[in-house]
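# Descriptive structure summary
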Amino acid sequence: MRIYPPRSRPEHEDNPDPTQQPTTNLAVTSVGGIRKKVAGVRPWLVLDSTGQTQVVEAGKHAIMRRTGLPARDLRILDPMLSYPSTILGRESAIVINLEQIKAIITAQEVLLLNSRDPSVAPFVEELKRRILCHYQATKAQEGDGDISNWKNLYDLGTPESRASSPPDFAGTGISESEEITEERKEDGKQGLENRDGPKVLPFEFVALEACLESACSCLENEATTLEQEAHPALDKLTSKISTLNLERVRQIKSRLVAISGRVQKVRDELEHLLDDDEDMAEMYLTEKLKQQLKSSSTSSMLVQESTDNTRDSLFTRHNVLSNDSHGTHTSTVHSTVSNHLDVEELEMLLEAYFVQVDGIVNKLSTLREYVDDTEDYINIMLDDKQNNLLQMGVMLTTATLVISAFIALVGVFGMNITIELFDHTKARMPEFLWTVAGGTIGTIFLYAAAIAWYKYKRLLES
């Protein structure tokens, strides 16, 4: 038996740096001169906190290392699987699966899976615009005076200003437009403060808000379109019941059931987040990242202090433990208060879109009630026609019965018997006419008596 040495791992697999180029996460094989991608590798559009974009082709494991998500959370974004709308807050990322949007939001970047979908293109542009505004507002809040590279930040009405990365104007004579740049910057900052208050939202909330707004807008447009198509079709059906009109209403009702389920799922997801403060606290990625950096810095200072005080080890250990306990308690209290305030801030953000989704649910509920009322009206009309047909059947059956009695009388007269009515020497034409007239009048009388009895018993309408 031959024993093969263990296969050496490539250098890029040992390197946990998540900022590697996409080619390092892409395994290829060469068969007959044709390069084939390993199954599971998909293109991801990465938007960082500065608004720059790049397309990274990466597999599941590379995304797991980059975002720190488990495999079960990535299955939610798998386009081959059908998962309902979901918003998951994890330790280092937020998983978004809302309608056509499948994204992973971290504290510093957004990874979008189906960026090549034409229905997602408007969302990508809006997301880049919001990230650019957030970056400029963050720089303005920090007091960064160098805004030369962001003079076209709020000029987002033209295609040129919606580039994936901010243009570099170094050495191109920016001094002529510094006043316009300053005015645009102040206007943008003021608009952001008027909307979100003096505090700029964290990066993950900006991306989350863009996802929620895009999903809500999509659902709102579909609901409005369905409502505009449903009312004329239902009105036409009430005026004329036909196979074509019934088929149109059936298709509209199927679409209504489908979109109602999608909207209700988004509403339930937002309601679940609003009811659980811990889930909302998990979505504060920037705050948790700052706390981790602060904790790492504190630990480094404590280690340095313990190294410098090696002569008095017992005393130093006691001080370190005491300081660490006090610092942890203070950090915990500060984190609790901060999370309370931040959760309230996120709660206000989610409530705004919850109200919008709830309005869509109410609109669809009203449309469903209108469809149900139309169905009830159609059923009433069909029942009325059926009742009329039944009444007509009763009247025809009764007429057949009395006519059958007259026919029986004729059969009796058709027998070969000897009576004076058949003696031509005694009975003439007047006797025959009186006999026929009497039978006819008797038949009509019986029919009228039967109809009167039906109406008396309320078997027929008056």
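A short tour of the structure in this document, coming up. (Residues numbered from 1 in each chain as written. Predicted model: local features only at pLDDT ≥ 70, side-chain atom pairs only at ≥ 80, totals over all residues. Heavy atoms only, no water.)

### So, the packing of helix α4 (residues 121-142) against helix α6 (residues 203-239)
One can describe the packing of α4 onto α6 by two numbers: an axis separation of 10 Å at closest approach and a directional angle of 150°. Our classification of the angle between α4 and α6 gives roughly antiparallel. For α4 against α6, the interelement crossing comes out right-handed. Touching F123, L127, R130, I131 and H134 of α4 are F203, V206, A207, E209, A210, C211, E213 and S214, all from α6. Here the residues of the contact of α4 with α6 are counted per class, giving 8 nonpolar, 2 polar and 3 charged. (Axes fitted to C-alpha atoms, helices over the stretch in contact; angles between N-to-C directions. Helix = DSSP H or I, 4+ residues; strand = E, 2+ residues; numbered from the N terminus. Parallel < 35°, antiparallel > 145°, perpendicular 65-115°, else oblique. Left-handed = near helix turned anticlockwise from the far one by under 90°. Contact = heavy atoms within 4.5 Å. Nonpolar A, V, L, I, M, F, W, Y, C, P; charged D, E, K, R; others polar.)

### Quick word on the pairing of strand β6 (residues 94-98)
Most of β6 sits out of view: 5 of its 5 residues are buried. Of the two faces of β6, both are covered, the one formed by I94, I96 and L98 as well as the one formed by V95 and N97. Across 4 bridges, the pairing between strand β5 (residues 86-89) and β6 is antiparallel. What sits directly across from I87, in β6, is I96. The turn joining β5 and β6, which pair antiparallel and follow one another in sequence, is formed by 4 residues. Here β6 runs beside strand β7 (residues 101-105); their pairing, made up of 5 bridges, is antiparallel. Bridge assignment links L98 to a residue of β7, and that residue is I101. Counted between consecutive antiparallel strands, the loop separating β6 from β7 contains 2 residues, among which E99 sits at a positive phi close to 55°. (Buried < 20%, exposed > 50% of the residue type's maximum accessible area, 1.4 Å probe, protein only. Pairing = 2+ DSSP bridges.)

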